[in-house]
Amino acid sequence: MKPRTELSMQLYDMLIERGYHEELCDAFIKKKEMEQAQAKINEIYE
């Protein structure tokens, strides 16, 4: 998985540099991006 936002890419690179496994980084970034998308959706419907 490739992070889509600049912030996600920076976070992904930082996690990789700190020695976390690529699979864990992928899962973490995917979850964070999903949370960000859900927050945007919630803003629309508030």
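Our subject in this report is the structure included herewith. (Residues numbered from 1 in each chain as written. Predicted model: local features only at pLDDT ≥ 70, side-chain atom pairs only at ≥ 80, totals over all residues. Heavy atoms only, no water.)

Examining the overall build of the protein
Next, step 1: Check the secondary structure of the protein and you find two helices and zero strands.
Next, step 2: Along the longest, intermediate and shortest principal axes, the C-alpha atoms of the protein span 40 × 15 × 15 Å.
Next, step 3: Put simply, the protein has 46 residues, and 17% of those count as buried.
Next, step 4: Accessible surface for the protein amounts to roughly 4100 Å². Of this, 56% is attributable to carbon and sulfur atoms. (Helix = DSSP H or I, 4+ residues; strand = E, 2+ residues; numbered from the N terminus. Buried < 20%, exposed > 50% of the residue type's maximum accessible area, 1.4 Å probe, protein only. Areas by Shrake-Rupley, 256 points an atom, 1.4 Å probe, with all protein chains shown as cover.)

A word on the environment of M14
Next, step 1: Inspection of the secondary structure puts M14 in helix α1 (residues 6–17).
Next, step 2: For the pair M14 and C25, spaced 11 residues apart in sequence, the C-alpha to C-alpha distance is 9.6 Å.

Quick word on α1
Each turn of an α-helix holds 3.6 residues, which means side chains three or four residues apart point in the same direction.
Next, step 1: With 12 residues, α1 extends 16 Å from end C-alpha to end C-alpha; this agrees with the ideal 16 Å at 1.5 Å per step.
Next, step 2: Where the residues of α1 are buried, they touch α2 (22–44). (Expected span 1.5 Å × (residues − 1). Contact = heavy atoms within 4.5 Å.)

Observations concerning the packing of α1 against α2
Next, step 1: Taken N-terminus to C-terminus, the directions of α1 and α2 make an angle of 155°; their axes are 10 Å apart at the nearest point. Judged by the angle between their axes, α1 and α2 are roughly antiparallel. Judged by the sense of rotation from one axis to the other, the crossing of α1 with α2 is right-handed. In this structure, α1 contributes S8, L11, Y12, L15 and I16 to the contact, and α2 contributes E22, C25, D26, F28, I29 and E33. (Axes fitted to C-alpha atoms, helices over the stretch in contact; angles between N-to-C directions. Parallel < 35°, antiparallel > 145°, perpendicular 65-115°, else oblique. Left-handed = near helix turned anticlockwise from the far one by under 90°.)

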